Every structure is written in structure tokens, then in C-alpha cells.
Amino acid sequence: MNKEISTINLPLAGVESEHCALIVDKGLSKVEGITSHKVELNNNRAVITTDDEPETVQKAVKAIRDLGYDVDTVKKTFPVLNMSCVSCASSSQSILENTPGVVHVAVNYANATAQVEYIPTITDPQKLKAALQSIGYDLMIDETEEAKDALEEVHKKKFETLKRRTIGSIVLSIPLVLIGMFFMDIPYANYIMWALATPVVLIFGKQFFIGAWKQARHRSSNMDTLVALSTGVAYLFSVFNTVYPAYWHSKGLHAHVYFEAAAVVIAFILLGKMLEEKAKGNTSSAIKKLMGLQPKMVTVVHHGSHQVEMPIASIKVGDALLVKPGEKIAVDGNVSTGTSFVDESMISGEPIPVEKKHGDKVFAGTINQKGSFQFIAEKVGGDTVLAHIIKMVQEAQGSKAPVQKLVDKIAGIFVPIVMLIAILSLVAWVILGGENGFTQGLLALVTVLVIACPCALGLATPTAIMAGVGKGAENGILIKDAESLELAKKVNAIVLDKTGTITEGKPEVVSIHWKEGAQIEDLSHLLFSIEQQSEHPLAEAVVRYFKQKAVQSIPLGHFESITGKGVKVEYAGNNYFLGSPVLLKSENINIEPAMQQIANEWLNKAYTVIWLADATNALAAIAIADKIKESSVQAVKALQEAGIEVYMLTGDNQFTAKAIAAQIGVNNYKAEVLPADKAIFVKQLQQQGKIVAMVGDGINDSNALAQADVSIAMGKGSDIAMDVAKMTIISSDLSRIPKAIILSRKTVATIKQNLFWAFIYNVIGIPIAAGVLYPFTGFLLNPMIAGAAMALSSVSVVSNSLRLKWLKL
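Given the structure is predicted, the values throughout are model-derived calculations rather than measurements. (Residues numbered from 1 in each chain as written. Predicted model: local features only at pLDDT ≥ 70, side-chain atom pairs only at ≥ 80, totals over all residues. Heavy atoms only, no water.)

Some words on the sheet that holds strand β22 (residues 566-571)
Piece 1. Here we have 6 strands laid out as an open sheet, ordered β20-β25-β24-β23-β22-β21, and antiparallel in their pairing. The outermost strands of the open sheet, each flanked by one partner alone, are β20 (508-514) and β21 (559-562). Between one strand axis and the next, the sheet turns through 15° on average, direction left out of account.
Piece 2. Pairing between strand β24 (residues 608-613) and strand β25 (residues 618-625): 6 bridges, direction antiparallel. Across the sheet, residue Ala613 finds its bridge partner in β25, namely Ala618.
Piece 3. Sitting on the sheet, helix α19 (residues 520-533) touches β20, β21, β22, β23 (574-579), β24 and β25, and the angle it makes with β20 is about 140°. (Pairing = 2+ DSSP bridges. Helix = DSSP H or I, 4+ residues; strand = E, 2+ residues; numbered from the N terminus. Axes fitted to C-alpha atoms, helices over the stretch in contact; angles between N-to-C directions. Contact = heavy atoms within 4.5 Å.)

Here is the structure:
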């Protein structure tokens, strides 16, 4: 029997660069039971699949921790109810240990408690409670939303701890620097500095040494290795010189100490980490804003109009919910009673509130304006449009751009190369540096280890991707992965489907011209009845038109659909035809010159014309128009000004296609195109060497979307074609496509800037730290300045990425 495969997200801690991510990913590959795995640095998580969930998760957590990193978990003590013996405690512990997401459990029968360590993104107290209830015990818990809040609390506590360590290290480093630079001659100066430096290095900086040790145990290295080696060597060298100054005096040398260098390096690196964490938190603000759109409590209306406030987690499909003025809508659903206007700008990007009445759809995260209404929950939890958007943004922020592959390779060998350069610097100084060669060499070794920064390289691409994807989400542009965001800047040809992309996609009857002398009332009933049975999209427009006029349907006889032309029906012993001019021509039906002239005028206005006829003469011409979106003309102009060729494809006839193309300013268009032909057209453009973007509704254009280099789906509300395209324009506003391309160009430019400065920083900084300028200028870089520069490099890269947040699209 095949076991079910589960996908699990492990929230990571301490994984701060792509190099760290690669180490964790490699470690996960050795864990038995994991069928696939990947590490998403931007989302701070490892995504694994397994068919043996509880045990494999525990092994994965242990493996990650053994590597020197961590998985964010919550540790809580819960009272256990209904236990009557030690055996009960054993059973309770066993069931909790086998609950997915639980890392460690200790059930104590004596005080009737269970200490549980669990991963809040996988399980929560409610699931633990349900697990115990299944075997007759119970767990006393607080609230069902605690899992998410607890994870947020973990991050807050870690940041506060980092903040305290940073402040502590800076406070102790200031007097250290003053003594080291100006008061070295005071009594016991070295011992005072030793006393001040020890807490900074061994207490505030202990995380670096712990991390480095864990890395060393697994024959690996990371940023912790560089920091621990550099500050550790400086500290131990200074301790030796303080305790045994006579050793150097016997060689005619002064015993220098570098306590201030070791302490200030740690202070600067901690400060850099704190600023980096703060900045990285800002890059994911789009996700936080989206998550903040969903209320935690909702008003449920029970039978008899009884209202109850309930947590959103308890809402089920079919529940009736009340929305008061100013409240956020909790889940997707359909309005059952009442009317109001709803602000949907946070999902669609449209600023104008949308009227909602009986039967209309409402979406989670949107805000009710003035009126109150009730709606029936249709999609809850992870099925809502808002939840899909959040998931899509998270996955995009976690994806890697193609340029990241090169950076990953460099980051993978960066630390060992830096350590080799540091050792070579020491050796070179010992051989060539004269009487102070060893001291200067040791200083060079420390400085090289301190100034090297793989973090800047690792952060260069993902922080820009996070900021770019987040900026897109704020503007109604959902980007599915980093690759499409990077590729969009290269687009030089864009193919637009007409219906639903350039036009509203909602055809309406503009006018009906009847043959002189025709029985209009009888023929209206006939026309209405035929279109009611037709499946053609234009038929809906005719049906809506006659419903507004309260026209009644009549029974028809034989009904025959003529593919690609129209329909043939029998009524009152006569045959009638409804369809295109091609149908009338094939049946040798006569069209009066006056009617044809009016039809030609309509065609020149981009109206679609269908005909009603009996066996010999045309009886009516119906003009149907699909209104062009206001944004289409502006969008096409913006694309053309950006140097992009714009093509329009439509299934309409040549007259209509030409008229619409003229109205929106497109010179390249193709009429009477079948859905299958669209993909062929895209391929032809690609064969000409063009990078092609295809824009469609994501359903009948799916082949063309799949063929295109960059696929963009136009969608609104629950019709968003998220699974079809690499990008989705939520509001169906065509003017957002030029904005998406601008965003791509700016994001890629930011990535290049980040990588340039990260590479240049290391290429210039490491040789200077090694002392290459000393023979020419006598300049040696101070380790303290190197520490500040290293901290600044990471912060500058993240800050540069944050500029995308203020980009005006």
C-alpha cells in the first residue's frame, strides 16, 4: 500500500545567506525519508516532501540544528486532562510524538502536564488537543490562532535578544576603543581591556563560536567560521600577550593587544545583523500587508437570526456571515441579503468601490463601505482568493532567479577561499615582514577574515526579488516566479488577445435594425428563444437585451447548430436562420441594400453583426459591441514607446479586427484566429528571434500562454488564472503590463547593482586587508574598520533592494 506524500514547510532561523541555504539543503539530502527538498532563503523556510511525516520532520529538525542552524519552534507546557496512571502518560506522549509537526514531547504524570515543542507552521494547540481527544484524553489550550502569533513572537524575541547583545557590545566597546587608542599607558590597561572584551567576545558573540563549531563538526564553514576565527584569534593572541608579555620582550618586540579590535568587530557585525534583520523584515512587508487584510473574528448568523462572534478559523463553507459598515470581509462568498459598496482595491487595484447586491461575489480582505449585508461562505481558509494571492507571492519571493545559480556556486567556495587567502597572508608577512612580520601577519589574517562578506553576495538577488515581487503585489501584478520577473525586461514583442484583454469581454447589443414591414414583436420572441438555446458567447448579450424588455420565449421545433456559422430552427412550419453573413450566403439568402449599408457602417465601428433570416430574406441585423477598456489605448502606447512590438489576435472578422486595431493604435493584427492558431503565431515570432509575452484570459489562450517566453493572464476575483500564467494582472487593467515590464527592468537593474557592489567590495577589500598596499603606501587596514565595512556591505545591499519599495509604477 502506497503511503501518502506530504509537503512540509520548516521555518528556518540563522540561515542568512545563499551559502547557508546551500549547506542546509545539502544536509537535508542526507536525511532518510525525505523524497524532495529545497531551501527558500527569502521565505526563511525549507520545503520537504516525505511519506513518513512525524519521524522525518524530527530527523530534519535535528539535521538542521546539527549543522548550526535552527528551526523556529514553540515550546509550551499544557495541562493534560483525564490521565489516571503512568500508562496514560506514556500513551499521551506516544500520540503527541506521532502528531505531524511535533519535535519533542515530555508528559509528566506527577503534575499532569505535557511539555511540547512543535513547529507552528505545521501544527497548533488545537491539533494537539484533537490528537489527545482521539484516545480519550484532553489538552487545555488557549486559542486556535496561537500558532501564528507564537511564530511572530519567536521572531520578536530573537530580534530583541539581538538588539540587547548589540547594545551591550557597543557599550563595552566604546571604553575599549578609548583605552586602546588614547590611554594605553594607564596602569593595568591590558587587564582592563581584557575584562571589557571578554563579555563581548564570549557572551554577546557566543553565537558565532557555537555556529562555527557545529559547522566544523560537519566539515563545513560559513559566516560564523570567519567571524569566530578572526575575533577568536585576535582575542587569544591578546590574552597571551597580556599574560606573557616577557615572551615578546625577550625578542625585542612590544607585546601588542587587539582586544578592542575583537570586541569592535563583533559589535559592528551584530549591529549589521540587527539593521539587516530590520531591513529584511521591510522587504516582506507586502506579505504582512496582505495577511493583515483578513480579520481574526467574524459575526456568524445562526438560524433565527442569532448572531455570534467567532474566530475565523472556525468558519465553514455554507455559514452565513454578517458584515457591518467598515468591516473587512473574512472569506469568499455570495451576498444573500442586503446591499452595499465594497472597496476591492487591495485585491483588484481598482480604486472605485464596487456595488454588491444579492448573488454578487465578495472576496476575503476587501472592505465593506456603508451598508450592512449577509453573505454565504463559499471558500474559506486556504481556498480564498486572498489566500491564493498570499501563497503565490510567498512562492515567488522564495524562487530563485537564473542569475542566482552563478552566485550560489561562488558562495559555495567563498569561505574556504577566504580562509586560504588569510593563511597565505599570514605566511607572506612572516616570510617578508621582518621583525614585526608575525604580529602584522596575524593582524592581516584577522582583517581578511573579518572583511570578507559572503552575506552581501547571498543577499544581492533574493532581497531584490522579494522587494520586486512585493511591489508587484501591491500594484495588482502577481508574479509567479523570479525567472519570469527577470525575463520580462527582455520582452520585445507582446501578443494581445482581443476579448477580455483589450475589450471588456462582456458583449452588449448596441442596436437591432429590422426589415421594413417585419413583424417585430413576433420576431423578437423568436430571436430571444433561439439565443436562449444557443451556447455562443454573443447569444448571452442578445438574451440579456430581450430580458430587459420583458420579451417571452416561445417553443421551437427542430434546432440545428451549424458549426462556425450559426443555427437553423423550425418554427410554425418555416425555417429560420441566425448567424454570420457566411451562413446567409451559403443558404442563398437575400440581404436588402439598405440593411447591408447599415451593417457595413456598424462593421466600420468595430461592431459584430449577426443576422436573423427566413429561408429567403434577411429579417434583422443585430449589432453587438464588446466595449474597449479605457486603459487599452494608453497601455498599447506605453508598450510601443518602450520599444515593444504589439500584436493583436482575434477570432473576429477582418472588418471588426481592423476597426479595433485602429482605435487602440495597433498596426499588427490578425483576424479570424482560432485558439490553436495563437500558439503557432507566438512560435513564429520566437523563430524570428523575438522574446514574446502573451497576454490572454488564461483559459482558451492556455496553449499560447504556455508557448510564450513570458505569459500574462488577465483575471479578476475568483477567475484569476494563477495556474496558467507566470504573471497575473488581477484587475484586468492592461496598463499594468507596461508597469510589470518597468518593474522587471528596475528589479534586474537592482540585482546587477547589488552583485556589482558585493563583488567589488570583496575584490578590493580582501587584498587591501591582506596588506597589498603596505609596500607602496605603508597602509594597513584596521580590523575594526574592516568589521564596520563588512557590516555595512550587507546593510547597503538590502537597503538598495528596499529602494524598489518606493518605486513609482
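Some remarks on the UniProt feature "transmembrane region" (unreviewed entry) in the protein chain
Piece 1. According to UniProt, the "transmembrane region" (unreviewed entry) feature falls on residues 166-186, 192-213, 225-247, 253-271, 410-432, 438-461, 755-774 and 780-802.
Piece 2. Counted over residues 192-213, helix gives 95% and strand 0%. Its end C-alpha atoms are 28 Å apart. (UniProt positions renumbered as here; feature names shortened; annotations may be inferred.)

Here we look at the sheet that holds strand β29 (residues 710-714)
Piece 1. Judged by pairing direction, the sheet is mixed, and its 7 strands sit side by side in the order β18-β30-β29-β28-β19-β26-β27 without closing on themselves. The open sheet has two edge strands, β18 (477-479) and β27 (668-670), and neither has a second partner. On average, each strand axis in the sheet is inclined to that of its neighbour by 20°, with strand direction left out of account.
Piece 2. As paired strands, strand β26 (residues 645-649) and β27 are joined by 3 bridges and run parallel to one another. Looking at the pairing, Leu649 lines up with Lys670 of β27.

Re the environment of Leu196
Piece 1. Of note, Leu196 is situated in helix α6 (residues 189-204).
Piece 2. When the C-alpha atoms of Leu196 and Ile174 are compared, they prove to be 9.7 Å apart, with 22 residues separating the residues in sequence.
Piece 3. Contact partners of Leu196, with chain neighbours within four places excluded, come to Leu172, Pro175, Leu176 and Ile179.

Quick look at the packing of aromatic side chains
Piece 1. Tallying each qualifying case throughout the model produces 11 aromatic pairs.
Piece 2. Taking 6.3 Å as the distance between ring centres and 50° as the angle between the ring planes, the aromatic pair formed by Phe373 and Phe375 counts as tilted.
Piece 3. Since its relative accessible area comes to 1%, Phe373 is described here as buried.
Piece 4. Taking 5.6 Å as the distance between ring centres and 70° as the angle between the ring planes, the aromatic pair formed by Tyr647 and Phe681 counts as edge-to-face. A residue pair is termed long-range when its members are at least 10 positions apart, and Tyr647 in strand β26 and Phe681 in helix α25 (residues 675-687) qualify at 34 residues.
Piece 5. Under the relative-accessibility criterion, Phe681 is labelled buried at 13%.
Piece 6. Ring-pair connections join several aromatic residues into one group, and the members of that group are Tyr188, Tyr191 and Trp194. (Phe/Tyr/Trp six-rings, centres within 6.5 Å; stacked < 30°, edge-to-face > 60°. Buried < 20%, exposed > 50% of the residue type's maximum accessible area, 1.4 Å probe, protein only.)

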